[in-house]
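# Survey of secondary and tertiary structure
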Amino acid sequence: MTASPDPPMAGSFGHPRAQAALAERPGALLRLLEAARKNLLLYLPGHPQVAASLHEFHAGLGVILKSRGSVRFDIYEDAFFLGNRILLEESLQTPGLLEELMTNHVGSVEFLQGAPLQEATRFVELLAAAGRQSHLGDAVAAAGLQFIKTGPPKELGKGEQKATGLAPRELYRIGLRTMDALNYQAVQGAPLNLRNARLLGNSMVNVILHDRHALLGVAALYQHDEDTCHHSVDVAVLSLMLGLRIGLDEPGLLALGTAALLHDIGKMSIPRSLLGKPGGVTATERSVIERHTVHGAGMVQHLQGLAQTAMLVALEHHLNYDLSGYPRLPWAKKQHLFTRIVAIGDFFDASTSARRTYRKPLLPDQAMHAIVTGAGKLFDPTLAALFLNTVGGFPVGSVVRLSSGEVGVVYRPTEGKALQPQLKVIRDAQGAVLEPVLVDMAQDQRRVLHCIDPIRAGIDLTAYL
Ligand SMILES: [Fe+2]
Ligand SMILES: [Fe+2]
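Note that the structure is predicted; figures quoted are calculated from it, not measured. (Residues numbered from 1 in each chain as written. Chains lettered and ligands numbered in written order. Predicted model: local features only at pLDDT ≥ 70, side-chain atom pairs only at ≥ 80, totals over all residues. Heavy atoms only, no water.)

## Concerning the overall build of the chain
For the record, the criterion: Helix and strand labels come from DSSP, where a helix needs a run of H or I of at least four residues and a strand needs a run of E of at least two; each type is numbered from the N terminus. For the radius of gyration, the atoms used are the C-alpha atoms, and the globule rule reads 2.2 Å times the number of residues raised to 0.38. The cut-offs for exposure are 20% and 50% of the maximum accessible area for each residue type, with area from a 1.4 Å probe on protein chains only; residues under the lower value are buried, those over the upper are exposed, and the others partly exposed. Residue contacts are defined here by distance: any two heavy atoms, one from each residue, within 4.5 Å place the two residues in contact. When charges are counted, Lys and Arg are positive and Asp and Glu negative, with His and the chain ends excluded. Charge coordinates come from a single atom per side chain, which is NZ of Lys, CZ of Arg, CG of Asp or CD of Glu.
Helix and strand content of the chain: 19 helices and 10 strands. Taken over the C-alpha trace, the chain has a radius of gyration of 25 Å; the compact-globule value for 465 residues is 23 Å, and the two agree within 12%. The principal-axis extents of the C-alpha atoms in the chain amount to approximately 75 × 55 × 45 Å. Put simply, the chain has 465 residues, and 51% of those count as buried. Sequence separation of 24 or more characterises 68% of the internal contacts of the chain that already satisfy a separation of 6 or more. Counting 44 positive and 43 negative side-chain charges, the chain places the centres of these two groups 4 Å from one another.

## Some details on the pairing of strand 7 (residues 407-412)
Along any regular strand, the residues point their side chains to alternate faces of the sheet. Note the cut-off: One bridge is not enough; two strands pair if DSSP finds at least two bridges between them.
Bridge count between strand 6 (residues 399-402) and strand 7: three bridges; the pairing is antiparallel. Across the sheet, Val399 pairs through a bridge with Val409, a residue of strand 7. Two successive antiparallel strands, strand 6 and strand 7, enclose a turn made up of four residues, where Gly405 displays a positive phi of approximately 95°. Pairing between strand 7 and strand 8 (residues 422-427): five bridges, direction antiparallel. The partner of Gly408 across the bridge, within strand 8, is Val425.

## Focus: the coordination of the iron ion (ligand 2)
As a reminder of what qualifies: Distances up to 2.8 Å from the metal define which N, O and S atoms are donors, and 3.2 Å serves for Na, K and Ca; water is absent from the atom set, so sites may look incomplete. Geometry is assigned from donor-metal-donor angles: four donors are tetrahedral when every angle falls between 85 and 135 degrees, four are square planar and six octahedral when opposite donors sit over 155 degrees apart with all other angles between 65 and 115, and any other arrangement is irregular.
For the iron ion (ligand 2), the full set of protein donor atoms is His231 (NE2), His263 (NE2), Asp264 (OD) and Asp346 (OD), and the range of their distances to it is 2.1 to 2.3 Å. Around the iron ion (ligand 2), the four donor atoms sit at angles spanning 76 to 171°, and that spread fits a shape best called irregular. All donors to the iron ion (ligand 2) come from one chain, and their sequence spacing reads H-x31-H-D-x81-D. Given a relative accessible area of 8%, His231 falls into the buried group. With a relative accessible area of 8%, Asp346 lands in the buried category.

## Side note on the domain arrangement of the chain
Threshold: Boundaries of every domain are those given by an automatic assignment or by a domain database.
Structurally, the chain comprises domain 1 (11-154), domain 2 (166-391) and domain 3 (399-463). Put simply, the middle of domain 1 and the middle of domain 3, counted by C-alpha atoms, are 50 Å apart.

## Details of the coordination of the iron ion (ligand 1)
In this structure, Asp264 (OD), His292 (NE2), His317 (NE2) and His318 (NE2) serve as the protein donors to the iron ion (ligand 1), at separations of 2.1 to 2.3 Å. Classification of the site at the iron ion (ligand 1) rests on its four donor atoms, whose angles at the metal span 86 to 175°, yielding the label irregular. The motif formed by the donor residues of the iron ion (ligand 1), counted along the single chain, is D-x27-H-x24-H-H. Here the iron ion (ligand 2) and the iron ion (ligand 1) are spaced 3.6 Å from one another, each receiving a donor from Asp264. Residue Asp264 is located in the loop between helix 12 (250-261) and helix 13 (272-275), and its partner His292 is located in helix 15 (residues 292-299); the two are separated by 28 residues in the primary sequence. Like Asp264, the residue His292 is buried in the burial classification.

## Examining the side chain of Asn183
By secondary structure assignment, the location of Asn183 is in helix 8 (residues 168-188). When residues no more than four places from it in sequence are discounted, the contact partners of Asn183 are Thr228, Cys229, Ile265 and Met268.

## Quick notes on the nonpolar core
The cut-off we apply is this: As used in this record, nonpolar core signifies buried Ala, Val, Leu, Ile, Met, Phe, Trp, Tyr and Cys residues forming a set joined through side-chain atoms within 4.5 Å.
Of all hydrophobic cores here, the largest spans 70 residues; its most connected members are Leu88, Leu171, Met179, Met204, Leu262, Ile344 and Phe387. At 10 residues, the largest contribution of residues to this core is made by helix 11 (residues 228-245). Both domains that meet at this core, namely domain 1 (11-154) and domain 2 (166-391), each give it at least three residues. Each residue touching Met204, except ones within four places of it in the same chain, is listed here: Leu171, Leu215, Val233, Ala236, Val237, Leu240 and Leu261. Grouped together as the second largest cluster of nonpolar side chains are 41 residues, Leu30, Ala59, Val63 and Val106 included.

## Some details on the pairing of strand 4 (residues 108-112)
With five bridges joining them, strand 1 (residues 70-76) and strand 4 adopt antiparallel strand pairing. If you follow Ser70 over to strand 4, its bridge partner there is Leu112.

## Concerning the pattern of salt bridges
Opposite charge on two side chains makes pairing possible when the charged atoms of those side chains draw close. Defined as follows: Basic side-chain nitrogens of Lys or Arg form a salt bridge, by our definition, when they fall within 4 Å of a carboxyl oxygen of Asp or Glu.
Under the criterion given, the structure shown has 21 salt bridges. The partner of Arg340 in a salt bridge is Asp380, and the shortest N-O contact between them spans 2.6 Å. Of the two residues, Arg340 sits in helix 17 (residues 337-352) while Asp380 sits in the loop between helix 18 (364-373) and helix 19 (381-391), which places them 40 residues apart along the sequence. Note on accessibility: Arg340 and Asp380 belong to one class, buried. Taking the shortest distance from any N to any O, the salt bridge between Asp444 and Arg446 comes out at 2.9 Å. The exposure class of Arg446 is partly exposed, given its relative accessible area of 24%. A single network of salt bridges, built from pairs that share partners, joins Arg25, Glu89, Glu90, Arg173 and Arg177.

## Overview of the sheet that holds strand 3 (residues 85-86)
Which entries qualify depends on this criterion: For helices, the fitted axis covers only the stretch in contact; all axes are lines through C-alpha atoms, and the angles between them, taken along N-to-C directions, range from 0 to 180 degrees.
An order of 3-2-1-4-5 is seen for the five strands of this open sheet, with the pairing classed as antiparallel. Pairing within the sheet leaves two strands with one partner each, and these edge strands are strand 3 and strand 5 (148-151). As defined by bridge partners, strand 2 (residues 79-82) adjoins strand 3 across two bridges and the pair is classed as antiparallel. In the strand pairing of strand 3, Phe81 is matched with Ile86. In this fold helix 6 (residues 117-128) packs onto strand 4 and strand 5, with an angle of close to 30° to the strand it touches most, strand 5.

What follows is the structure, encoded as structure tokens:
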């Protein structure tokens, strides 16, 4: 293919604001590269769409390299990194590019300042043809590219993986979008991009290992949203907290987190009208809903490396500890450990959430009470006790009444002291709004009495978490 002459400043980066945004987020270059690669695969060379996306990629390259000599993207554990910062969003949005590079044993791509359009074009052509050749790295070297280099895969140094640089809120937001995309694929009957669920699970594990309570606070912020994607992410957060508490290692946490994210994926095969049906369902409708366990297990069977646990969790998560519940599994002697963990997180999130259209949601302390009283029958008693201990009797985000009559918001549990969390006192006994005062209840004379409904009390949690 012959490259056309360089346009002055192609694509949408002519505007200074667009240029500034791109220069600040170099990972966006990966999306431009992926768009150009896909267009080359879809259209004949010379098609206007191909030329436009190549120009866009080249223009993006110019903007990003204007103020720096080079930019290098590394690939570790199914994700792109820039320095030690994970490019999670970009990795999730360019699964084809990532896959192509990984199967071609490419561990890094570096762009140097001054790459002409011809070279950028040649690189994308080699990338698009990568499926038909054995080593992309060799092909790039053979093509004599001066400004674009690829490198072999590298192992991550010990401890490096945890430095993802992702803020918990950003991860949560990306998590919601990822699960939303996955649900959409499931609803459409399209092949599921299960690698993205694993990648998300991995990032959640990394963030939680860095700060174990970080995601709990973020999840609490969204507790009352109606979206089913929230449920998957929240259950994963709660399951990981419990997994961490019982000392699971990193691969174990990854398998648990991913299985938790996918536990309800089978629901996507059930008509929406049935799921949110107010006023209960008929016996036939109930049996259709209950099939989400079996459907889900089938849907995750191609999850590379983690399929077995994800299938078991999807299949068993509505079984109770005493094996009552559904589906009936006459051969089962015990639920998998991960299912017993996910079942507790699942119950807690489902029962406290406003997503329940047909039943009033429980307050967090009521849900916790139900878990403790259901121990031995509904829930694994050891795990139920540990859950109470880890998440606390008044979990993060709970709005509570103190023995003094004041009102507080729980922002951190105190491990081992389930009823004495750390909180911010936000209202006095007369209901007047206070400048938040941090109180460690383990060191205080006052006691936490019970939860109150933040919506009815007119309290906006985002101001305090
Ligand atoms: Fe379920
Ligand atoms: Fe669920």
